Amino acid sequence: AIGIIPVLVTSNKLSTFASIIPPISYLTRMEMFMDVTLVMITLHMIEFGMVHFAGRQYKKIVRDTTQVQAWEGDADKVLPYAAIDELPRHAKAYVAAIIFIHLSLDKHMRWVSPAAYVLAIAIILA
């Protein structure tokens, strides 16, 4: 619910704005701004879901790998990188994607997203 409420509020503002202004045949800067905002909010909601899912999967992989390594007497390695080599190819790709999303996506989206938003708004308002 926390992710969908901003999308609903923004789409409501967009439709309210469209009903207030007189009908015109071209797109206004305000409509473009609201569209960019709606797209960014939606992308952030999708990114949050991906990072949350990847974080849960990453914890599960670390827990399973730690249990296997503890069984083999090598419990000091807690990251699953060593156990990836023993997995089938499709599982290696899945685990690598989970690790990338969990460790990198959220960190990079914290600076890429505002930069993309500011750039898009600068282009619209120029």
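Residues numbered from 1 in each chain as written. Predicted model: local features only at pLDDT ≥ 70, side-chain atom pairs only at ≥ 80, totals over all residues. Heavy atoms only, no water.

**With respect to the overall build of the protein**
Across its full length, the protein carries four helices and zero strands. Going from the N terminus to the C terminus, the protein shows its helices and strands as α-α-α-α. Burial status across the protein gives 25% buried among its 126 residues. Taking as baseline every contact in the protein between residues at least 6 positions apart, the subset at least 24 positions apart corresponds to 60%. Accessible area of the protein: about 9,000 Å², with a carbon and sulfur share of 70%. (Helix = DSSP H or I, 4+ residues; strand = E, 2+ residues; numbered from the N terminus. Buried < 20%, exposed > 50% of the residue type's maximum accessible area, 1.4 Å probe, protein only. Contact = heavy atoms within 4.5 Å. Areas by Shrake-Rupley, 256 points an atom, 1.4 Å probe, with all protein chains shown as cover.)

**Some details on helix α4 (residues 89-125)**
What sets the pattern is the α-helix's 3.6 residues per turn: residues three or four places apart point alike. Most pronounced at M109, the bend in α4 amounts to some 40°. Those residues of α4 that fall on the buried side of the exposure criterion are A91, V95, I98, I99, I101, S104, L105, S113, I121 and I124. (Bend = angle between axes of the 7 residues up to and from the residue.)

**Some remarks on the pattern of salt bridges**
In total, this model carries one salt bridge according to the counting rule given. Between R110 and D106 there is a salt bridge, with its nearest N and O atoms 3.1 Å apart. Of this pair, R110 and D106 both sit in helix α4, four residues apart, which is roughly one turn of that helix. Using a relative accessible area of 62% as the deciding quantity, one classes R110 as exposed. Look at D106 and you get partly exposed, because its relative accessible area is 24%. (Salt bridge = Lys/Arg side-chain N within 4 Å of Asp/Glu carboxyl O.)

**Quick notes on the side chain of E47**
Position of E47 among the secondary structure elements: in helix α2 (residues 29-71). Among buried Asp, Glu, Lys and Arg side chains, E47 stands out as unpaired, with R110 the closest opposite charge at 6.8 Å. When near neighbours in sequence (up to four residues on either side) are disregarded, E47 contacts L105, D106 and M109. (Lys, Arg positive; Asp, Glu negative; His and termini not counted.)

**Side note on the confidence of the model for the protein**
In this model, the protein carries an average pLDDT of 81, and 82% of its residues clear a pLDDT of 70 or more. Within the protein, no element has a lower average pLDDT than helix α3 (residues 81-84), which sits at 59, and none a higher one than helix α1 (residues 4-20), at 88. (pLDDT = per-residue confidence, 0-100.)

**Observations concerning the nonpolar core**
Grouped together as the largest cluster of nonpolar side chains are ten residues: V51, A54, Y58, I61, V62, V95, I98, I99, I101 and L105. Those elements that provide at least two residues to this core are α2 and α4. If we skip the residues at most four places from it in the chain, I98 touches F53, A54, Q57, Y58 and I61. (Core = buried A, V, L, I, M, F, W, Y, C linked by side-chain atoms within 4.5 Å.)

**Things to note about the environment of A18**
Along the polypeptide, A18 turns up in helix α1. Overall, the relative accessible area of 41% leaves A18 in the partly exposed class. As a C-alpha pair, A18 and M30 span twelve residues in sequence and 9.7 Å in three-dimensional space.

**Thoughts on the side chain of S113**
When you line up the elements, S113 lands in helix α4. When its relative accessible area of 6% is taken as the criterion, S113 is described as buried. Setting aside anything within four residues of it in sequence, one finds S113 in contact with M40 and H44.

**Quick notes on a nonpolar patch on the surface**
Nonpolar side chains collect at one region of the surface, where I4, I5, L8 and V9 lie side by side and expose about 350 Å² of accessible area between them. Mapped onto the elements, L8 comes out in helix α1. Owing to a relative accessible area of 51%, L8 belongs among the exposed residues under this scheme. (Patch = residues over 30% accessible without salt bridge, like charges linked within 9 Å, V, L, I, M, F, W, Y side chains within 5 Å.)

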